[in-house]
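One letter stands for each residue in the lines below.
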Amino acid sequence: MTQTQDVARSRTFSWSDPTAHAHHLGRRSGLETLQAMIDGEIAAPPVIHLIGMSRMEARQGWVAVELVPQEFHYNPLGTVHGGVVSTLLDTAAACAVHTTLPAGVGYTSVDLNVKFLRPVTIASGLLRCEATILQQGRRTALAEARLTDSRSRLVAHATSTCLTFPLAELPT
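Scoring rules and cut-offs
- Residues numbered from 1 in each chain as written.
- Predicted model: local features only at pLDDT ≥ 70, side-chain atom pairs only at ≥ 80, totals over all residues.
- Heavy atoms only, no water.
- Helix = DSSP H or I, 4+ residues; strand = E, 2+ residues; numbered from the N terminus.
- Rg over C-alpha atoms; globule rule 2.2 N^0.38 Å.
- Buried < 20%, exposed > 50% of the residue type's maximum accessible area, 1.4 Å probe, protein only.
- Contact = heavy atoms within 4.5 Å.
- Areas by Shrake-Rupley, 256 points an atom, 1.4 Å probe, with all protein chains shown as cover.
- Pairing = 2+ DSSP bridges.
- Polar contact = N/O pair within 3.5 Å; in protein donor to acceptor, adjacent residues only side chain to side chain.
- Salt bridge = Lys/Arg side-chain N within 4 Å of Asp/Glu carboxyl O.
- Patch = residues over 30% accessible without salt bridge, like charges linked within 9 Å, V, L, I, M, F, W, Y side chains within 5 Å.

With that settled, the discussion passes to the overall build of the chain. Along its length, the chain carries three helices and six strands. Helices and strands in the chain line up, N terminus first, as α-α-β-β-α-β-β-β-β. For the chain, the C-alpha radius of gyration of 17 Å lies close to 16 Å, the compact-globule estimate for 172 residues. Along the longest, intermediate and shortest principal axes, the C-alpha atoms of the chain span 55 × 35 × 30 Å. Counting every position in the chain, which comprises 172 residues, the buried fraction comes to 35%. Residue pairs at least 24 apart in sequence account for 65% of intrachain contacts in the chain once pairs closer than 6 positions are excluded. Per element, the accessible surface of the chain, about 9,900 Å² overall, is 55% carbon and sulfur.

Following this line, the structure appears as structure tokens:
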């Protein structure tokens, strides 16, 4: 792809080696793990830095993440790319499931169903995505995520199913 802009723009970001803290995974409950990330005890996943999520809150069965839309999030139409919006929704929904898991249990997303309700731009201001657990069974959990703009308007909605499973034996 060639650049057609008159003035080049650039962005630099950094992240911690995600394998450096891998030994922590599965040793704490999901909520304890997320709280350790929020507190800076465990490094956040690189994707958080890649898209520029600015804040996370977590409690049992509930998570909120925030992002301020930037020009580098834009698609060719001049709005925030649907993949960025979907990443916020997926992160919040999956992390809401994570908050309910005991130590030694992991999860993976099975699906993500997204509804885009209004365009998101820089003018949308701070985006806040809140997710809650709708149903939790022995092997699956269903979560809902709602993304609002700075005027509290709903801009996107998603549901996600996650499969939960015991993690492999952890080395001591």
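Take the pairing of strand β4 (residues 127-136) next. The sheet contact formed by strand β2 (residues 62-67) and β4 spans six bridges and is antiparallel. For Leu67, the partnering residue across the bridge sits in β4 and is Leu127.

By secondary structure assignment, the location of Thr100 is in the loop between α3 (82-98) and β3 (105-116). The spacing of Thr100 and Trp62 is 38 residues in sequence and 8.9 Å in space, taken between C-alpha atoms. Once residues within four sequence positions are removed from consideration, Thr100 is found in contact with Gln60, Gly61, Ile133 and Gln136. A polar contact is formed between the side chain of Thr100 and the side chain of Gln136, at a distance of 2.9 Å.

Let's shift gears to the pattern of salt bridges. Note that side chains of opposite charge can pair when their charged atoms are close. Tallying each qualifying case throughout the model produces eight salt bridges. We note a salt bridge from Arg9 to Glu71, for which the minimum N-O separation is 2.4 Å. With Arg9 in the segment before α1 (30-38) and Glu71 in the loop between β2 and α3, this residue pair connects regions lying 62 residues apart in the sequence. With a closest N to O distance of 2.5 Å, Arg28 and Glu41 form a salt bridge. Linking Arg28 in the segment before α1 with Glu41 in the loop between α1 and α2 (46-51), this pair joins segments that are 13 residues apart in sequence. Take Glu41: its relative accessible area is 47%, and that puts it in the partly exposed class. In this structure, a network of salt bridges that share partners links the residues Arg55, Glu57, Glu66, Arg128 and Glu130.

Let us look at a nonpolar patch on the surface. Taken together, the side chains of Phe13, Trp15, Val47 and Leu50 define a hydrophobic patch exposed on the protein surface, amounting to about 360 Å² of accessible area. The residue Phe13 is located in the segment before α1 in this model.

Remember, this is a structural readout, not a statement about activity or role.
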